[in-house]
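Structural features, examined
Read off the chains here:
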Amino acid sequence: MSDELGGFVEYVGGPEYGHVLLSPLENLAAIEEPLVREKAVESLNKICKELSQPQVEDYFIPLIVRLSKADWFTSKISATGLYNVPYSKAAPPSQEGLRQQFSQLVHDETPMVRRQAANNLAKFVKEMPPAIVIDEMIPLFQHLASDDQDSVRLLTVEILISIAEVIPKEQQTSHGTLLTALRSLFEDKSWRVRYMVADRFEKVKQTPTICLKTAAYSYTDRESCRRGNCIS
């Protein structure tokens, strides 16, 4: 059902009535079964692409807020995957509200929520102009990169790459901040985090400014599996 509802817009009268499908999908996005939640999120994003700006403002964004503020972590996990599609359709005040609400998820007390927030932040930053990324998203990245859970920290490599791709070369100060964070990831106490940096090294090399300065760090780890990833 979670998967099928995403294609039901034409059966409820077209995009102008697409919002009537949001309520059942909101309920499905809150249940405990991960696969059902994931399909519900996919369907919600699919429907959102067909909604008008007023529909997004009146129906979709309130849905995101309800899931984000729910007591149970399953709803919050689903909420993290619902920000980037409506963001581009929302008015500036609503965009600001979405960024603030996402920040709350990044700072959530539940590791599983923070992990999914980290997983989706890489996509979310691509919807924003460089100035907002620098002022608001880099601090969120830094918070996640210093998380006490290595399962959260290892996901910040993709966030760093996305941010570096958004920020122009002229913003040298911001690239310096990212370089410092990347050095910390290279030297992380968890081998899983260091391995993730090595595994994404080809993508890191393709980002301007950062790549040339960080190449040397890829060979400093003594663990052969990580060095092998960097060399391949």
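Residues numbered from 1 in each chain as written. Predicted model: local features only at pLDDT ≥ 70, side-chain atom pairs only at ≥ 80, totals over all residues. Heavy atoms only, no water.

Observations regarding the packing of aromatic side chains
- Overall, the coordinates contain 6 aromatic pairs when judged by the stated rule.
- Residues Tyr 83 and Phe 102 carry aromatic rings whose centres are separated by 5.1 Å and whose planes lie at 80° to one another, so their mutual orientation is edge-to-face. One end of the pair, Tyr 83, is in the loop between helix 4 (73-79) and helix 5 (84-87); the other, Phe 102, is in helix 6 (residues 92-106), and 19 residues separate them in sequence. Taken individually, Tyr 83 and Phe 102 each receive the classification buried, so the pair is uniform in this respect.
- With centroids separated by 5.0 Å and ring planes inclined at 50°, the aromatic side chains of Phe 102 and Phe 124 adopt a geometry described as tilted. With Phe 102 in helix 6 and Phe 124 in helix 7 (residues 111-124), this residue pair connects regions lying 22 residues apart in the sequence.
- Through successive ring pairs, a cluster of aromatic residues spans Tyr 83, Tyr 87, Phe 102 and Phe 124. (Phe/Tyr/Trp six-rings, centres within 6.5 Å; stacked < 30°, edge-to-face > 60°. Helix = DSSP H or I, 4+ residues; strand = E, 2+ residues; numbered from the N terminus. Buried < 20%, exposed > 50% of the residue type's maximum accessible area, 1.4 Å probe, protein only.)

Here's the deal with helix 6
- Its 15 residues give helix 6 an end-to-end C-alpha distance of 21 Å, which sits within 8% of 21 Å, the value for a rise of 1.5 Å per residue.
- Within helix 6, the full set of buried residues consists of Ser 94, Gln 95, Leu 98, Arg 99, Gln 101, Phe 102, Ser 103, Leu 105 and Val 106.
- On its buried side, helix 6 packs onto helix 3 (53-68), helix 4, helix 5, helix 7 and helix 8 (130-145). (Expected span 1.5 Å × (residues − 1). Contact = heavy atoms within 4.5 Å.)

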